[in-house]
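Structural description and commentary
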2 protein chains.
Amino acid sequence: MPYNIADPGRDINDLIVRAAKVFKEKQGIDVRTGYSVESIHISNKTVSGATLERGRFHFPYDKLLIATGAAPIIPELPGFDLPGVLALKLLEDGRKMKQFIQEHKVGKTVILGMGYIAMEMCEALKATGIDVKMIKPRTTFIPWMNQDLAAVVKQEIEGNGVRVHLGQNVRRIEKTDKGLKVVCTDTAFDCEMVLVAVGIRPRSEAAEAAGLALGPEKSISVDKTLLTSNDDVYAAGDCADAYHVVTGQKTWIPLALRANRAGWAVADNVMGARTELQGVAGTAVYKVFGLQVARTGLSMREAEKFGFEPSEVVIQTRSRAHAHPGASTLYVQMVGDRKSGRLLGAQMVGREGAAHRINAPAVALHAAMTVEEFSQTDLAYAPPFGPSWDPMLTAANQLLKEMKL
Amino acid sequence: MPYNIADPGRDINDLIVRAAKVFKEKQGIDVRTGYSVESIHISNKTVSGATLERGRFHFPYDKLLIATGAAPIIPELPGFDLPGVLALKLLEDGRKMKQFIQEHKVGKTVILGMGYIAMEMCEALKATGIDVKMIKPRTTFIPWMNQDLAAVVKQEIEGNGVRVHLGQNVRRIEKTDKGLKVVCTDTAFDCEMVLVAVGIRPRSEAAEAAGLALGPEKSISVDKTLLTSNDDVYAAGDCADAYHVVTGQKTWIPLALRANRAGWAVADNVMGARTELQGVAGTAVYKVFGLQVARTGLSMREAEKFGFEPSEVVIQTRSRAHAHPGASTLYVQMVGDRKSGRLLGAQMVGREGAAHRINAPAVALHAAMTVEEFSQTDLAYAPPFGPSWDPMLTAANQLLKEMKL
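1. Points about the overall build of chain A
Counting its regular elements, chain A contains eleven helices and 22 strands. In terms of C-alpha radius of gyration, chain A reaches 23 Å, essentially the compact-globule figure of 22 Å for 405 residues. In terms of its C-alpha atoms, chain A occupies a principal-axis envelope of roughly 70 × 60 × 40 Å. A total of 405 residues make up chain A; the buried ones form 52% of that total. Contacts in chain A between residues far apart in sequence, at least 24 positions, make up 58% of those at least 6 positions apart. Working note: accessible area of chain A is about 18000 Å², and carbon and sulfur atoms make up 50% of it.

Below, the structure is given as structure tokens:
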């Protein structure tokens, strides 16, 4: 949606991959929209709720899949229900935002939060000529990221004219003559639109009420076959948890690939196959202005939290070979465990070569490789694409030395 | 060198990372240039040969490293010693070529061969406005590559005005009034310069004469510590062989990373450490005009040759997500072994996203992953960088189905 919003000429409906009626007409799937499930009754295998037009409903099931996704967190503070205070999760949210920007000729926006959605949206809004300020209560910019790399991201955002305000606690949003005022403890920001991007939460209320086991952050707990604590109920997508391939423990990292993959696995398993998903590595990437920002595995703090004895390095290399024109700086961070020697995670920031490079350490995490093993891998080299020692190998070599100290 | 040659304004000396005198002055290393070693006497641990200015020499050694690299193969046919018939291996070759192009105002070139160097040079020469024809005797364009992908590369080269002549056996090169004539069995090509890029061979003559064991294609056989068949003689770089991590057998794949890595390992081992190199996966990438061409592991034919029962898929996807502007086509080939389930290799061709993506299957080959394990990896997704299922995962999923047939 951010990339669609960035281009006022594009229709938000371009993003629809398959309309509800296509399921019905081409695949014979009985899709019922406008049915809000309120309760899951696992004792008699039914779901019940209310429709928009046809009153209440009760449906029996043989197997049930809960794929309710996640919902944006909206702070319970005054003014968050005002027009122009918007979140971005459903297609309707995107439609509403595009309409609001056009109808109110929005010139100034405040983004609450600095996560993936906030980052992509700050670029998107700037692309349409809208002024953007970003606000968050904590004083650390991108807390999961090595702060040398985070500083590079911050500089890129500020260099593109976005003002970043850390340590600002929002108290309320007020309606003014000209639009909105975001009132913080010490200061206030005028704007015409507020994007609330402070985080998301799994939509697991009905599952919880039905007594299904919950995992991290109240996501629905599932095994490797996506089965919940009830033998006839599956959960998949942003509402469900997953095993982390590095820690071996449950985690909640709601991202597109896992959601999609889990859906397919449930289809297999409902039909009698036994498809097990090994888990997630927390691999993610986003683009913000000219930068590619990528991560996989554990940050230093996460590694410490899960009982590892982590060492960390950050290296700074050129994105192309010695003397090759057009090079830019590529930053690579890498974390390893001094006890086991294992590679635990990596982060990268650069103008080129970060987004796809991150997949190599991601694969290494799935294989539980040591840093030494990863440092021995035969990676590709040509002058337009990097130095003869790929930056990831240079980082691994440095990390090996660091881990021996 | 191709990228330097592409820019007549750049000095070839820009490519010198460290001059001989720097070794001497800053590191206390006694570098002797102009000393040509003719014989290695392993019985009394000496090397002997001739210098340019100081007569013959005999040097004793405690430990010897042979790092003689590779030499271009020059066909033993008439006219290959004519001025303007050039190879490209040493820095002096590049210097000579830049000079020749400038002094003779070269307008037309013939490249013999279609390997990595030929590909990079056809782009480089076209960049300086020189007409390029490529000639090879075999009728298959890039034999190691899946021919669907090879066709994409051929189209790119021809689309940029390079004429590709397959199945042309060169008989001789003749001097003409205007320059050179490359005479083939049925036809002939006029030009002012010929680049001989038909392959390289390890410079192992002295090692062979000394009785050291040789490996594939007469490369010098070394163990994982880079030791030759003699306990006091190491070999590293393009003259030495390596273990292939997929086949477990010896191979000769002379590429920069392995050469550099082997040099460092020898330094460790001579100094009393024990550094073992695990081996190579044959990972390589090059750019040719707008295309990135990448490979790792085994081709179908190599897989068959080494006793695997390979299956292969080729998929064609977009380089960016659904509805994301600026996307181009990305081709991914993947090979798996029906017997063991193992991933054996991958090839990729595309305008973006091939060069760094190839590192992920390369790591998987080092970890001896199955196709099923690779298909489960958590790879990065954001709309500017690919679809939510990375093309490599789509290829792996298709390959899994193919392997079960």
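2. A short note on the confidence of the model for chain A
For chain A, per-residue confidence averages 96 on the pLDDT scale, and 100% of positions sit at 70 or higher. Across the whole predicted complex the pTM is 0.97, and at the interface the ipTM reaches 0.96.

3. Thoughts on the environment of Lys339 of chain B
Residues and elements named next belong to chain B. Relative to the elements of secondary structure, Lys339 occurs in the loop between strand 21 (329-337) and strand 22 (343-350). Lys339 gets classed as exposed once you look at its relative accessible area, which sits at 55%. Note: C-alpha distance between Lys339 and Gln147 (192 residues apart in sequence) is 24 Å. Residues contacting Lys339, with those up to four places away along its chain left out, are Gly307 and Glu309.

4. With respect to the sheet that holds strand 1 (residues 35-41) of chain A
Residues and elements named next belong to chain A. On the basis of which strands lie adjacent, the open sheet formed by three strands has the order 1-2-3 and antiparallel pairing. One side of each edge strand has no neighbouring strand; the edge strands of this open sheet are strand 1 and strand 3 (56-60). Across the sheet, the mean angle from the axis of one strand to that of its neighbour is 25 degrees, orientation sign disregarded.

5. Focus on the nonpolar core
Ranked by internal contacts, the top residues of the largest apolar core, which has 85 residues, are Met334, Val363 and Phe374 of chain A together with Met334, Val363 and Phe374 of chain B. Setting aside chain neighbours within four positions, we find Met334 of chain A in contact with Ser311, Glu312, Val313, Leu343, Gly345, Ala346, Phe374, Met392, Ala395, Ala396 and Leu399 of chain A.

6. Quick look at the interface of chain B and chain A
Buried accessible area, meaning the area lost when the parts come together, often serves as the stated size of an interface. Of the residues lining the interface, 59 residues belong to chain B; the matching set on chain A comes to 59 residues. Both sides of the chain B and chain A interface together cover about 4700 Å² of buried area, and 64% of this is carbon and sulfur. Our count for the chain B to chain A interface comes out at zero salt bridges. Our count for the contact surface shared by chain B and chain A stands at 27 residue pairs in polar contact (both at pLDDT 80 or more). Of all elements in the fold, only helix 7 (256-270), strand 18 (284-288), helix 9 (359-366), helix 10 (371-375) and helix 11 (391-404) of chain B reach the threshold of two or more residues within the side of chain B that touches chain A. Ranked by residues supplied to the side of chain B that touches chain A, first place goes to helix 9 of chain B with six residues. Each residue belonging to the side of chain B that touches chain A can be placed in one class, and the counts come to 34 nonpolar, 16 polar and nine charged.

7. A closer look at the packing of aromatic side chains
The full count for this structure, using the stated rule, is ten aromatic pairs over all chains. Aromatic ring contacts, followed pair by pair, group Tyr35, Phe57 and Phe59 of chain A into a single cluster. Seen from the ring of Tyr243 of chain B, Lys224 of chain B lies directly overhead, with NZ or CZ sitting 5.7 Å from the centre. The positively charged end of Lys250 of chain B is found above the aromatic ring belonging to Tyr243 of chain B, 5.0 Å away from the centroid.

8. Quick notes on the environment of Arg320 of chain A
Residues and elements named next belong to chain A. Counting through the fold element by element, Arg320 comes out in the loop between strand 20 (310-318) and strand 21 (329-337). Spatially, the C-alpha atom of Arg320 lies 9.6 Å from that of Asp390, the residues being 70 residues apart in sequence. If near-sequence neighbours (up to four positions away) are discounted, Arg320 is found in contact with Pro325, Gly326, Ala327, Glu352, Pro383, Pro384, Gly386 and Pro387. In this structure the side chain of Arg320 is engaged in a polar contact, spanning 2.7 Å, whose partner is the side chain of Glu352.

Parameters at a glance
- Residues numbered from 1 in each chain as written.
- Chains lettered and ligands numbered in written order.
- Predicted model: local features only at pLDDT ≥ 70, side-chain atom pairs only at ≥ 80, totals over all residues.
- Heavy atoms only, no water.
- Helix = DSSP H or I, 4+ residues; strand = E, 2+ residues; numbered from the N terminus.
- Rg over C-alpha atoms; globule rule 2.2 N^0.38 Å.
- Buried < 20%, exposed > 50% of the residue type's maximum accessible area, 1.4 Å probe, protein only.
- Contact = heavy atoms within 4.5 Å.
- Areas by Shrake-Rupley, 256 points an atom, 1.4 Å probe, with all protein chains shown as cover.
- pLDDT = per-residue confidence, 0-100.
- Pairing = 2+ DSSP bridges.
- Axes fitted to C-alpha atoms, helices over the stretch in contact; angles between N-to-C directions.
- Core = buried A, V, L, I, M, F, W, Y, C linked by side-chain atoms within 4.5 Å.
- Buried area = accessible area lost by both parts, 1.4 Å probe.
- Salt bridge = Lys/Arg side-chain N within 4 Å of Asp/Glu carboxyl O.
- Polar contact = N/O pair within 3.5 Å; in protein donor to acceptor, adjacent residues only side chain to side chain.
- Nonpolar A, V, L, I, M, F, W, Y, C, P; charged D, E, K, R; others polar.
- Phe/Tyr/Trp six-rings, centres within 6.5 Å; stacked < 30°, edge-to-face > 60°.
- Lys NZ or Arg CZ within 6 Å of the ring centre and 35° of its normal.

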